[in-house]
Protein chains: 2
Amino acid sequence: MSGVKADWIAVDWGTSNLRAWAMSASGTVLAEAACNEGMGKLTIHGFEPALLKLIGDWVDGPVQVIACGMIGSRQGWVEAPYAAVPCPALPNGLVQAPSSDPNLQVFVIPGIKQATPADVMRGEETQIAGFLARNPNWDGVICLPGTHTKWVHISADEVVSFQTFMTGELFDTISTQTILRHSITGVEWDDDAFQTGLSDAMARPERLAARLFSLRADGLLNDLPDGVARARLSGLLIGAELASAKPYWLGQQIAVIGEGALSKLYVDALAAQAAPATQVHAGPITVAGLTAAYRRLKG
Amino acid sequence: MSGVKADWIAVDWGTSNLRAWAMSASGTVLAEAACNEGMGKLTIHGFEPALLKLIGDWVDGPVQVIACGMIGSRQGWVEAPYAAVPCPALPNGLVQAPSSDPNLQVFVIPGIKQATPADVMRGEETQIAGFLARNPNWDGVICLPGTHTKWVHISADEVVSFQTFMTGELFDTISTQTILRHSITGVEWDDDAFQTGLSDAMARPERLAARLFSLRADGLLNDLPDGVARARLSGLLIGAELASAKPYWLGQQIAVIGEGALSKLYVDALAAQAAPATQVHAGPITVAGLTAAYRRLKG
């Protein structure tokens, strides 16, 4: 570390990864750090040591930490109960995590829940808050692609409703844990095959389970290239999601927040449906959301 | 073993299991045996020893073995090339497996392939042949539920077309390898939840990925009982399959061949769609199909 001392610290602590930013009081990023000590790999006694290992060098006296993500779940450091829709992306209800280090004051942002259909988010609400902080009075639909992709309806600065699709997790599981793992072995990617899968699935989304096995049979009978199988699987899953999420995105202003390559697939797929979407990079947006929460804490 | 000597031996050798029947020349089952030395667990030098370990006591001089299943795949004992539809369920083309035991003559039944949409079967063709041997001149659609469920259109004693759904494998993978494993932990089953999942999926089959995550959120927010989550997942997946397979089963005579509990779910689900189906137990039907192949071999 380079002698950076943080005025406060922003933390995004998900199931798989821990990211932190040393922040100035005015909201400038002074330094950042990351490790793979995600919430899912730790037990209750491991959270504070893991955090201190990552950010200890930035701490020089009492410091406030604002954290979002699965760290606030029941299995996390402290449970930050869900706020119920409709609500602001950053509802009141920061929860302080128990800490044995007198310098640390760790606050966790609550997730958001929906009763019908039952749904939850943790972490995405902070990205949404960051996006809205940068785009005041924005109404429309935010798509956050990932392991569990969210479609979120925003109106009058509130989260009105949302729906989660297990698309990313299905892709990972199907391509590595089922018989399709024999047909999807490398890292290639075929754009045309993605488009084919996408349009097949949008036209007849109910055929998913049959089309999955076709990928295997095509591999056996026609030596389907790996990149074609992978891209077609992705197209099939994203196509089925877009077909189902159509009531969300049709005729709406759309923003897609996420990592570059995956977000680009969604933006292109939406464009092919004559639905233009703005692509927003996740990293800075998360910091903007954590900053908004910090500012509210400071009043 | 009880001193049984087989006139010939029937074998069903799939990826996970090996089953064998000691048969009389007239087609009576004299004894049966099974073990978990499936094709997937063995390499090329392991097939003959595994078979002899299971059936050796039945062998007293030269004996013919008729085998079906994945043992005839490229990774099996000997590759029995696929016959192409339209074709009889038992097309010509038994392939003899190399054997070092002078008493053993092992013949493997070929699978069936379809060019468009690409599809393959290995093992099911023998069950179909057994069913048709017992039900001459039967026309209609045969459903064979399992890891990879098949829907097979039969006309004039031929397999005309078929389609495979990965429903069973998706159920296993989703319930054990995704976040839903936290919501599906026991062995309970709720019939009403199965019906709910089934009718939801048949009405809006494209919503599958969203409904999957709803199961998790319902577990978090509403303490959804395990048996409800499991049965609803099963209903969602089978409902999506039935919606997609509707062109197969609508207005057709239907037979469901498989193990009891799973077949019953399909029969009940079809009944709810006003599509009556005959339930056929898989075990005797497989032996009947192997017997039909043996009789043809003997001319």
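Residues numbered from 1 in each chain as written. Chains lettered and ligands numbered in written order. Predicted model: local features only at pLDDT ≥ 70, side-chain atom pairs only at ≥ 80, totals over all residues. Heavy atoms only, no water.

Here's the deal with the side chain of A:D226
1) Next: Relative to the elements of secondary structure, A:D226 occurs in helix α6 (residues 226–244).
2) Next: Once residues lying within four places of it in the same chain are set aside, the contact partners of A:D226 are A:S183, A:I184, A:T185, A:G186, A:V187 and A:E188. (Helix = DSSP H or I, 4+ residues; strand = E, 2+ residues; numbered from the N terminus. Contact = heavy atoms within 4.5 Å.)

Looking at the interface of chain B and chain A
1) Next: Across the contact, 39 residues belong to chain B and 39 residues belong to chain A.
2) Next: When chain B packs against chain A, the two sides together hide about 3,300 Å² of surface, and 69% of this comes from carbon and sulfur.
3) Next: If you sort the residues of chain B by the area they bury against chain A, B:M166, B:F213 and B:L221 come out on top, with a joint share of 19%.
4) Next: In this structure, the connection of chain B to chain A is made through 0 salt bridges.
5) Next: Taken together, chain B and chain A are joined by 6 residue pairs in polar contact (both at pLDDT 80 or more).
6) Next: Looking at the side of chain B that touches chain A, the elements with two or more residues in it are β9 (112–114), β10 (119–121), β13 (158–165), α3 (167–177), α5 (208–222) and α6 (226–244) of chain B. (Buried area = accessible area lost by both parts, 1.4 Å probe. Salt bridge = Lys/Arg side-chain N within 4 Å of Asp/Glu carboxyl O. Polar contact = N/O pair within 3.5 Å; in protein donor to acceptor, adjacent residues only side chain to side chain.)

Quick look at the packing of aromatic side chains
1) Next: In total, this model carries 12 aromatic pairs over all chains according to the counting rule given.
2) Next: An angle of 80 degrees between the planes, with centres 5.8 Å apart, marks the rings of A:W13 and A:F47 as edge-to-face. You can see A:W13 sitting in strand β1 (residues 8–13) and its partner A:F47 sitting in helix α1 (residues 47–55), a full 34 residues away along the chain.
3) Next: On the basis of relative accessible area, A:W13 is assigned to the buried category, the value being 1%.
4) Next: The class for A:F47 is buried, based on a relative accessible area of 0%.
5) Next: Aromatic pair B:W189 and B:F194: ring centres 5.7 Å apart, planes at 35 degrees, arrangement tilted. (Phe/Tyr/Trp six-rings, centres within 6.5 Å; stacked < 30°, edge-to-face > 60°. Buried < 20%, exposed > 50% of the residue type's maximum accessible area, 1.4 Å probe, protein only.)

Overview of empty space enclosed by the protein
1) Next: Counted by the stated rule, this structure contains 2 cavities of 30 Å³ or more.
2) Next: Put simply, the largest cavity is a space of about 150 Å³.
3) Next: A:L208, A:A209, B:P205, B:L208 and B:A240 are the residues nearest the centre of the largest cavity, which is lined by 20 residues in total.
4) Next: Going through the elements one at a time, α3 (167–177), α5 (208–222) and α6 of chain A together with α3, α5 and α6 of chain B are the ones with two or more residues in the lining of the largest cavity.
5) Next: Tallying contributions element by element places α6(B) first for the lining of the largest cavity, with 4 residues.
6) Next: For the lining of the largest cavity, the class distribution of residues is 14 nonpolar, 3 polar and 3 charged.
7) Next: Looking at the second largest cavity, the residues that line it are A:L170, A:I174, A:L208, A:L212, B:L170, B:I174, B:L208 and B:L212.
8) Next: Of all elements in the fold, only α3 and α5 of chain A together with α3 and α5 of chain B reach the threshold of two or more residues within the lining of the second largest cavity. (1 Å grid on protein atoms, 1.4 Å probe; cavity = no way out; pocket = protein on both sides within 12 Å on 5 of 7 lines; lining within 4 Å. Points joined across faces, edges and corners; volume = space filled by probe spheres on them. Nonpolar A, V, L, I, M, F, W, Y, C, P; charged D, E, K, R; others polar.)

Comments concerning the pairing of strand β2 (residues 18–23) of chain A
All names here are of chain A.
1) Next: Among the 6 residues in β2, 5 count as buried, and that is most of the element.
2) Next: In this structure, β1 lies alongside β2, joined through 6 bridges in antiparallel fashion. Each bridged residue has a counterpart across the sheet, and for A10 the counterpart in β2 is W21.
3) Next: Where β1 folds back on β2, the antiparallel hairpin that results is connected by 4 residues.
4) Next: Inspection of the sheet shows β2 paired to strand β3 (residues 29–35) by 6 bridges, in the antiparallel sense. (Pairing = 2+ DSSP bridges.)

Remarks on the nonpolar core
1) Next: Among the nonpolar cores identified, the biggest contains 94 residues, and A:W151, A:L242 and B:W151 are the most heavily contacted of them.
2) Next: Per-element tally for this core: the top contributor is α6(B), with 9 residues.
3) Next: When neighbours within four sequence positions are excluded, A:L242 is seen to be in contact with A:W151, A:L198, A:M202, A:W249, A:Y266, A:A269 and A:L270. (Core = buried A, V, L, I, M, F, W, Y, C linked by side-chain atoms within 4.5 Å.)

Focus: the pattern of salt bridges
1) Next: The full count for this structure, using the stated rule, is 14 salt bridges over all chains.
2) Next: For A:D268, the salt bridge is made with A:K264, and the minimal N-O distance between the two is 2.9 Å. Highlighted residues: A:D268 and A:K264, both in helix α8 (residues 260–272), separated by 4 residues, approximately one helical turn.
3) Next: Classification of A:D268 as partly exposed rests on a relative accessible area of 32%.
4) Next: With a relative accessible area of 40%, A:K264 lands in the partly exposed category.
5) Next: One salt bridge connects B:R74 with B:E79, and the closest N-O pair in it is separated by 3.6 Å.
6) Next: Judged by relative accessible area, which is 53%, B:R74 ranks as exposed.
7) Next: Overall, B:E79 belongs to the partly exposed group, its relative accessible area being 36%.

A few points about α1(A)
Residue and element names in this part refer to chain A.
1) Next: Along α1, the residues classified as buried are F47, E48, A50, L51, L54 and I55. Down the axis of α1, the buried side of the element spans an arc of 165 degrees, and every buried residue falls inside it.
2) Next: Where α1 is buried, its residues touch β1, β2, β3, β4 (63–68) and β8 (104–108). (Arc of directions from axis to C-beta.)

Points about the packing of helix α2 (residues 124–134) of chain B against helix α9 (residues 282–298) of chain B
Residue and element names in this part refer to chain B.
1) Next: Axis separation between α2 and α9 bottoms out at 7 Å; the angle between their running directions is 85 degrees. The angle between the axes of α2 and α9 places the two elements in the roughly perpendicular class. Touching T126, Q127, A129, G130, F131 and R134 of α2 are A282, P284, I285, T286, A288, G289 and L290, all from α9.
2) Next: Here the contact of α2 with α9 is composed, by residue class, of 7 nonpolar, 5 polar and 1 charged. (Axes fitted to C-alpha atoms, helices over the stretch in contact; angles between N-to-C directions. Parallel < 35°, antiparallel > 145°, perpendicular 65-115°, else oblique.)

Examining the sheet that holds strand β9 (residues 112–114) of chain A
1) Next: Strand order across the open sheet formed by 3 strands is β5-β9-β10 (chain A), with mixed pairing between neighbours. In this open sheet, the two edge strands, each paired with only one partner strand, are β5 (83–84) and β10 (119–121) of chain A.
2) Next: Taken together, the 2 bridges between β5(A) and β9(A) define a ladder with parallel strand orientation. Across the sheet, residue A:A83 finds its bridge partner in β9(A), namely A:I112.
3) Next: In the packing of α5(B) onto the sheet, the strands contacted are β9 and β10 of chain A, and the crossing angle to β10(A) comes to about 85 degrees.

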